[in-house]
Amino acid sequence: MNSEIYREQIIDLYKYPNNKGVIDRTEMTHSHHENNPTCGDDITIYFKVNDNVIEDVKFEGSGCAICIASTSLLTDKIKGKNLSVVNEINDDEVLEMLQIPISAGRLKCALLSLRAVEGALK
Amino acid sequence: MEQKLNISEEFNIEEIREKFPIFNNNPNLIYLDSAATSQKPETVINAQSDFLKNFNSNVHRGIYKLSIKSTELFEKSRNNIAKFINAKSQEIVFTKNTTESINIIANSILDIVDNNKTEIVITEMEHHSNLIPWQQLAKKNNMKLIVIPITNDYKLDYDEAKNLINDKTAIVTLCHVSNSLGTINNIAEIISYAKEFDALTVIDGAQAVSHFKVDVKELDCDFYVFSGHKMYGPDGVGILYGKEEFLNKMNPTTYGGGMINTVSFDETTFADLPEKFEAGTQNISGIVALNNAIEFIEEIGFDKIKDHESELLRYTIDNLKSLELIEIYNPGVDNSIGVISFNLDGIHAHDISTIVDEDNIALRAGHHCCIPLMKKLKLAATCRISLGIYNTKEEIDKLIESLNKAKEIFK
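Residues numbered from 1 in each chain as written. Chains lettered and ligands numbered in written order. Predicted model: local features only at pLDDT ≥ 70, side-chain atom pairs only at ≥ 80, totals over all residues. Heavy atoms only, no water.

*Asks:* So what about a negative patch on the surface? Which residues, and what values?
*Replies:* Residues and elements named next belong to chain B. There is a patch of like negative charges on the surface, built from Glu14, Glu18, Glu394, Asp397 and Glu401. Secondary structure elements with two or more residues in the negative patch: helix 1 (13–18) and helix 15 (393–409). Among the elements that make up the negative patch, the one with the highest residue count is helix 15 (three residues). If you trace the backbone, Asp397 turns up in helix 15. Looking at Asp397, the relative accessible area reads 33%, which means it is partly exposed. (Patch = residues over 30% accessible without salt bridge, like charges linked within 9 Å, V, L, I, M, F, W, Y side chains within 5 Å. Areas by Shrake-Rupley, 256 points an atom, 1.4 Å probe, with all protein chains shown as cover. Salt bridge = Lys/Arg side-chain N within 4 Å of Asp/Glu carboxyl O. Lys, Arg positive; Asp, Glu negative; His and termini not counted. Charge placed at Lys NZ, Arg CZ, Asp CG, Glu CD. Helix = DSSP H or I, 4+ residues; strand = E, 2+ residues; numbered from the N terminus. Buried < 20%, exposed > 50% of the residue type's maximum accessible area, 1.4 Å probe, protein only.)

The structure is reproduced here in structure tokens:
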């Protein structure tokens with residue numbers, strides 16, 4: 001095992017995550033803040049939902065490479081999708097999305113994004 | 001079963017490392033998390049299993065030979081721990097860890113505090129275990145929690161400390177060594193401020209006792225607590241030292257077998273010290289084996305331990321400094337021991353820890369149970385190197401190499 005774990009994709013997404021930012025208050029329909037007190041990962045996610053479709057999703061916050069990459073990937077995945085699809089997304093799917101093995105110690109980092117989405121939409 | 005140590009007069013790191021089975025079984029392991037728990041020498045491990053194989057029986061209870069022997073070993077441990085910190089045996093209470101020791105004190109300390117004293121003084125660098133019990137005690141009893149700040153160079157602000165301790169101060173409590181910053185606090189100085197106002201002093205020595213000699217009589221602290229597992233001893237054993245005069249006046253809050261004098265359905269009178277605070281069966285085999293941890297430390301000798309660890313600390317700080325874009329949270333080699341926290345610019349502590357783990361380096365990342373301290377430093381988390389007697393310069397070299405790799409990956 002070598003630094004495969006930090007394949008370029010994860011590092012790139014950490015440095016240049018997609019969907020970083022806020023949604024205007026006048027357009028925002030849902031938001032949720034989620035954090036991991038053990039390491040300081042801290043994400044706030046904003047949604048613009050129209051007719052059960054996620055028209056836009058953005059996030060703010062800071063965290064480790066795995067957390068930020070996961071949030072970038074997940075927000076990309078759910079943008080434009082129907083809420084019903086989003087409600088089906090589970091932990092395994094998010095972990096698979098990352099395409100790298102996530103150790104037990106980093107699970108919370110990887111899944112914080114999903115927790116934030118669930119917190120906002122469910 | 002006597003465990004033979006055979007440590008040379010001259011300090012020999014290879015010989016020391018040989019004493020630890022975990023390094024023989026994991027030759028590539030670079031263990032830099034001794035502040036979390038220390039590794040155990042074979043003599044400690046064997047002492048525990050030998051006790052269980054040969055003398056296992058409950059203490060203080062049996063009339064039979066086996067119980068007399070186990071009681072002897074148990075109390076021998078207590079006596080040696082007392083000697084280790086220059087206390088009397090009856091002033092040594094066994095608990096399960098430092099955290100429990102502090103909670104036990106907090107649960108009864110108001111029995112010996114004047115009603116007009118309404119403030120508890122702690123510091124910004126306390127571990128949660130020496131913060132939350134006092135915070136909760138203050139909340140429940142309408143007392144104020146006062147916090148001594150740290151300075152920009154990670155030391156205690158002694159001037160502020162003097163200002164904050166006054167005739168309303170019931171208790172002053174702080175760590176001897178910070179588990180996040182490595183700072184060695186001038187306990188004697190703080191105790192002198194407390195004594196001016198008859199405030200009680202409770203010292204968290206969890207990160208101190210394996211690194212240098214602690215003399216509770218010299219310090220004249222009222223309470224001193226630490227854990228066996230951080231001083232090369234077994235887990236599940238904690239020590240609570242309290243001055244006899246105070247422990248005698250404090251009421252126990254854990255009740256049951258072993259801590260009584262007389263019992264009826266109406267009334268119970270409690271045992272003398274130290275049994276008064278040791279309800280139920282203790283971690284007997286762990287306590288017996290702790291004796292061997294003390295032997296291990298004393299065979300090497302604190303002079304040699306200090307020399308090795310100070311030199312290693314200096315080496316670590318110097319080498320860390322050579323890394324660009326690093327922030328080191330430590331007051332320097334003259335004011336600290338055993339622990340250094342740091343961050344690499346632009347890389348989260350968890351990511352650093354994961355990368356160096358691939359090189360078999362056990363490096364802690366997180367808030368180290370010091371969330372308020374992290375908040376003060378405006379940090380989410382840090383990486384923490386904590387050194388034990390078995391660590392080497394070569395291991396630090398490998399860490400630096402690994403950190404450089406992390407920097408490359410995140411460039």
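There's plenty left to go through after this.
*Asks:* How would you summarise the packing of helix 2 (residues 65–78) of chain A against helix 4 (residues 91–98) of chain A if you had to cite specific residues and measurements?
*Replies:* Residues and elements named next belong to chain A. Running from N to C, helix 2 and helix 4 point in directions that differ by 110°, and their axes come no closer than 10 Å. By the angle class used here, helix 2 and helix 4 are roughly perpendicular. The segment helix 2 lies against helix 4, with Ile66, Ala69, Ser70, Leu73, Leu74 and Lys77 engaging Glu93, Val94, Met97 and Leu98. A class-by-class count of the residues in the contact of helix 2 with helix 4 yields seven nonpolar, one polar and two charged. (Axes fitted to C-alpha atoms, helices over the stretch in contact; angles between N-to-C directions. Parallel < 35°, antiparallel > 145°, perpendicular 65-115°, else oblique. Contact = heavy atoms within 4.5 Å. Nonpolar A, V, L, I, M, F, W, Y, C, P; charged D, E, K, R; others polar.)

*Asks:* Which residues make up the packing of helix 4 of chain A against helix 5 (residues 107–121) of chain A, and what values do they have?
*Replies:* Residues and elements named next belong to chain A. Contact geometry for helix 4 and helix 5: axes closest at 10 Å, N-to-C directions at 115°. Seen along the crossing, helix 4 lies across helix 5 with a hand that is right-handed. In contact with Asp91, Val94, Leu95 and Leu98 of helix 4, helix 5 contributes Leu107, Ala110, Leu111, Ser113, Leu114 and Arg115. Residue composition of the contact of helix 4 with helix 5, grouped by class: seven nonpolar, one polar and two charged. (Left-handed = near helix turned anticlockwise from the far one by under 90°.)

*Asks:* Give me the packing of aromatic side chains: which residues, what numbers.
*Replies:* Residue and element names in this part refer to chain B. A complete count under the given rule lists 14 aromatic pairs over all chains for this structure. Members of the aromatic cluster, joined through ring pairs, are Phe20, Phe23, Tyr232, Phe296 and Tyr390. Lying across the ring of Phe23, Arg17 places its NZ or CZ 4.3 Å from the centre. For the cation-ring pair, Lys69 lies above Phe55, with the distance from its terminal atom to the ring centre recorded as 5.4 Å. (Phe/Tyr/Trp six-rings, centres within 6.5 Å; stacked < 30°, edge-to-face > 60°. Lys NZ or Arg CZ within 6 Å of the ring centre and 35° of its normal.)

*Asks:* Outline empty space enclosed by the protein, listing residues and values.
*Replies:* Residues and elements named next belong to chain B. For the structure on display, the rule yields two cavities of 30 Å³ or more. Empty space within the largest cavity amounts to approximately 90 Å³. Forming the walls of the largest cavity are 14 residues, and the residues nearest its centre are Ser34, Gln207, Ser210, His211 and Lys230. Of the residues assigned to the lining of the largest cavity, the class counts are six nonpolar, seven polar and one charged. The calculated volume of the second largest cavity comes to roughly 40 Å³. (1 Å grid on protein atoms, 1.4 Å probe; cavity = no way out; pocket = protein on both sides within 12 Å on 5 of 7 lines; lining within 4 Å. Points joined across faces, edges and corners; volume = space filled by probe spheres on them.)

*Asks:* Account for the interface of chain A and chain B, naming residues and giving values.
*Replies:* Of the residues lining the interface, 18 residues belong to chain A; the matching set on chain B comes to 17 residues. Taken together, the two surfaces of chain A and chain B that pack against each other cover about 1,400 Å², and 54% of this comes from carbon and sulfur. Across the chain A-chain B interface, the total number found is one salt bridge. In this structure, B:Asp351 engages A:Arg106 in a salt bridge whose closest nitrogen and oxygen atoms are separated by 2.8 Å. In this assembly, chain A and chain B are joined by six residue pairs in polar contact (both at pLDDT 80 or more). Those elements that provide at least two residues to the side of chain A that touches chain B are helix 1 (8–15) and helix 2 of chain A. By residue number, the principal contributor to the side of chain A that touches chain B is helix 1 of chain A, which donates three residues. When grouped by side-chain class, the residues that make up the side of chain A that touches chain B number 10 nonpolar, five polar and three charged. (Buried area = accessible area lost by both parts, 1.4 Å probe. Polar contact = N/O pair within 3.5 Å; in protein donor to acceptor, adjacent residues only side chain to side chain.)

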